[in-house]
Every structure is written in C-alpha cells, then in structure tokens.
Amino acid sequence: MTGAHRAAIVTGAGTGIGLATVKLLAGRGVGVVAIGRRPEPLDALVEEFGAERIAPLGLDITSPEAPATAVAAAIDRFGRLDYLVNNAGKGRPFPVHETTDDVLDDFLDVLLRAPFRFCREALPAMGSSSAIVNVASTFAIVGGLRGGAYSAAKAGIVGLTKHMAAQYGAQGIRSNVVAPGVTETPMTAYNWESDVFRRMNFEMTPMNRTCTAEDVAHAIVFLLSDEAGFINGQVLAVDGGWTTTKYLSEEALTAQRVGR
C-alpha cells in the first residue's frame, strides 16, 4: 500500500467497522472517500486526518445516483480509484416466515443491490493492482437462527465476489470477502443485552473475547494491500474460530441439558 498514490471508497464510514477501516487507510496515507449518512463522524475524520486524506460524502447508498457520485468524488479529489470497501450494513433480521416483502426488499437493497451497483460503477475506474473487499457475515458461511433476508443477502455477496474474482482477476483487480462474526459496534449493541446471545458467542468461541471493529478493519486493509496480492476470491472469517470449530466452554460442557 503506497499511501498518497492510492485512493479508496468506504461505505458505512461513520461508525463501527467502516470507521475503523477509514482510520487505518488514512493513517497509511491512502485518500478515502468516506461515505455515511450522518455528517458529524465524517467531519470528525476530516478534522483528524485532513481534507487531503478524507473526502466526506453524505449519501444514501441505495439511491440511484450514489455509486456514480462516489466514484466521481474519488476521481475528482484523488485522481484515481484503487480500493472499494462495501461495508454499510443493516441489522435486526427476522426468520423467513416473519419477513414481509418490504423487509426483504430493504435488506436486499442495502446489503446486496447497493454493493453490486458500487462494484459495477467502480470496476471501469480501477486499474491493475486494485482490490475490492465486500463485507459479508459468518451467517453467509453457516446457518443461523433469525437470519432470513440478512443471510440471503450476505450469501449473495459471497457469490458476487467469487464471480468478480474470476471475471476481473486477469485485469489485476482482486475481489475478496471479509466475514465478521458478531462484532462490538453500535449496530449490534442491542444483541449484547440478551444473556442467551452472549452465551452463544462466548461459550462457542475459542478466543476469550469479543470481536472488535479494529479486528475486522485490519483484515480488510490486509486484503486490500499489496501483501495480499495473490489472494483472490476468498472468504476470510474474522470470528475467533466460531465457524470452524466445535468449541464449547467448560461451563457449556458441564451445563445440565434442557429439553427443547
């Protein structure tokens, strides 16, 4: 990653994983079009890193003009576009039988259609040694309760990314997925109020802590970097081993079984 000679677009840049990713990129000298819906956190990024590093852009990513506006901002401000991070998210899904058409459309618009459209707009502006990271979820890897439209959209992101890895890899444009486990961000804060939810994560994860936004951001920035130059079409779970192990804590192993 060569700093001032690279530029990125990051969606969902005002909070959580997106904010942490922007800070890592800008700290390494990358110019970033930081997209969010609230101006305050974007203005704070400009204050911290300067207008020469941060181009704040208040956008609804589902709007028809959003992708073209974002790419134009990168070209106008930095003269190029090397990286795209589709990170903006949406939570609180329902099981399939409780998911209305409106809810389905809302999740698909934010989590699949918008990233697809951003990729479509960004690809013609990218040259060799460029990279795209789409943020999915561990619910795109394993089945989970209450996933519904969220799980469907995130699985779609994985399929989209693998297609792009094949289609555009020969042009030097790499595409990969980061699939976080449950991460401590404002969007997931409501989950941690549930004792059942906390137990499901802590007692089934070998790592004895929660995932942070910075954990995920470091994985994203690595996959964008030249150090990951031969990594293409991969799904990197950042979940402490939750999806790949059958770990149970000592408390879970010795708990009394309750009939379902």
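Look up: the structure comes first, before these words.
These numbers were taken from a predicted model, which means no experiment stands behind them.

Trainee: Sorry, what's going on with the overall build of the chain here?
Mentor: A count of helical and extended segments in the chain gives eight helices and nine strands. The 260 residues of the chain split such that 48% are buried. Long-range contacts, defined as pairs at least 24 residues apart, comprise 71% of the intrachain contacts of the chain with a sequence gap of at least 6.

Trainee: Hey, could you run me through the environment of lysine 90 in this one?
Mentor: Within the secondary structure layout, lysine 90 lies in the loop between β4 (83-86) and α4 (101-122). Given the relative accessible area of 23%, lysine 90 is considered partly exposed. The spatial distance from the C-alpha of lysine 90 to the C-alpha of phenylalanine 107 is 6.9 Å, given a sequence separation of 17 residues. Within the local environment of lysine 90, its side chain forms a polar contact with the side chain of aspartate 106, the two groups lying 2.9 Å apart.

Trainee: I would appreciate a short explanation of the packing of aromatic side chains in the present structure.
Mentor: For any two aromatic rings, the description comes down to two numbers: the centre-to-centre distance and the angle of the planes. Scanning all chains against the criterion turns up zero aromatic pairs. One residue, lysine 90, lies across the ring of phenylalanine 107, its end atom 5.4 Å from the ring centre.

Trainee: Teacher, can you tell me more about helix α7 (residues 213-224) here?
Mentor: Since the α-helix packs 3.6 residues into each turn, any two residues three or four apart lie on the same face. Its twelve residues place the ends of α7 17 Å apart at the C-alpha level, agreeing with the 16 Å of an ideal helix rising 1.5 Å per residue. Those residues of α7 not exposed but buried are Ala213, Val216, Ala217, Ala219, Ile220, Val221, Leu223 and Leu224.

Trainee: Which parts of the structure should I look at to understand a negative patch on the surface?
Mentor: The grouping of Asp101, Asp102, Asp105 and Asp109 at the surface amounts to a negative patch. The topology assignment puts aspartate 109 in helix α4. Accessibility expressed as a relative area gives 32% for aspartate 109, which makes it partly exposed.

Trainee: Can you walk me through the pattern of salt bridges in this structure?
Mentor: Opposite charge on two side chains allows them to pair when their charged atoms are near. With the rule as written, the count across this model stands at four salt bridges. Put simply, aspartate 226 and arginine 6 hold a salt bridge, and the shortest N to O gap is 3.5 Å. One end of the pair, aspartate 226, is in the loop between α7 and β9 (235-238); the other, arginine 6, is in the segment before β1 (7-10), and 220 residues separate them in sequence. Taking the relative accessible area as the measure of exposure, arginine 6 reaches 11% and is therefore buried. As a salt-bridge pair, lysine 90 and aspartate 106 come within 2.9 Å of each other at their nearest N and O atoms. Taken together, the residues lysine 90 in the loop between β4 and α4 and aspartate 106 in helix α4 connect sequence positions 16 residues apart.

Trainee: When you look at unusual backbone geometry in this model, what are you seeing that I'm missing?
Mentor: Phi is mostly negative for residues that are not glycine, and the peptide bonds are mostly trans. Look at serine 129: it is not a glycine, yet its phi comes out positive at around 70°. The residue arginine 146 is not glycine, and still its phi comes out positive at about 65°. Take arginine 146: it is sitting in the loop between β5 (130-135) and α5 (148-168). For arginine 146, a relative accessible area of 45% translates into the label partly exposed.

Trainee: Before we go on, may I ask you to explain the nonpolar core in this structure?
Mentor: Soluble globular proteins tend to pack their nonpolar side chains together in the buried interior. Membership of the largest hydrophobic core comes to 37 residues, with the highest contact counts inside it found for Ile9, Val33, Ile35, Leu84, Phe118 and Ile132. Once you skip the residues sitting within four places of it in the chain, leucine 84 turns out to touch Ile9, Phe118, Cys119, Ala122, Met126, Ala131, Ile132, Val133 and Leu224. Val30, Tyr83, Ala213 and Val216 belong to the second largest nonpolar core, which has 33 residues in total.

Trainee: I'm lost on the sheet that holds strand β3 (residues 54-58) in this one. Help?
Mentor: Across a sheet, strands are paired by hydrogen bonds formed along the backbone, either parallel or antiparallel in direction. On the basis of which strands lie adjacent, the open sheet formed by seven strands has the order β3-β2-β1-β4-β5-β6-β9 and parallel pairing. Where the open sheet ends on each side, the last strands, each with one partner, are β3 and β9. In this sheet, neighbouring strand axes are inclined to one another by 15° on average, regardless of whether the strands run parallel or antiparallel. The pairing of strand β6 (residues 173-180) with β9 spans four bridges and is classified as parallel. By the bridge assignment, valine 177 is partnered in β9 with valine 235. Contacts from helix α2 (residues 39-49) reach β2 (31-36) and β3, with the element oriented near 175° to β3. Packed on one face of the sheet, α7 meets β4, β5, β6 and β9 and runs near 165° to β6.

Conventions used here
Residues numbered from 1 in each chain as written. Predicted model: local features only at pLDDT ≥ 70, side-chain atom pairs only at ≥ 80, totals over all residues. Heavy atoms only, no water. Helix = DSSP H or I, 4+ residues; strand = E, 2+ residues; numbered from the N terminus. Buried < 20%, exposed > 50% of the residue type's maximum accessible area, 1.4 Å probe, protein only. Contact = heavy atoms within 4.5 Å. Polar contact = N/O pair within 3.5 Å; in protein donor to acceptor, adjacent residues only side chain to side chain. Phe/Tyr/Trp six-rings, centres within 6.5 Å; stacked < 30°, edge-to-face > 60°. Lys NZ or Arg CZ within 6 Å of the ring centre and 35° of its normal. Expected span 1.5 Å × (residues − 1). Patch = residues over 30% accessible without salt bridge, like charges linked within 9 Å, V, L, I, M, F, W, Y side chains within 5 Å. Areas by Shrake-Rupley, 256 points an atom, 1.4 Å probe, with all protein chains shown as cover. Salt bridge = Lys/Arg side-chain N within 4 Å of Asp/Glu carboxyl O. Lys, Arg positive; Asp, Glu negative; His and termini not counted. Charge placed at Lys NZ, Arg CZ, Asp CG, Glu CD. Core = buried A, V, L, I, M, F, W, Y, C linked by side-chain atoms within 4.5 Å. Pairing = 2+ DSSP bridges. Axes fitted to C-alpha atoms, helices over the stretch in contact; angles between N-to-C directions.

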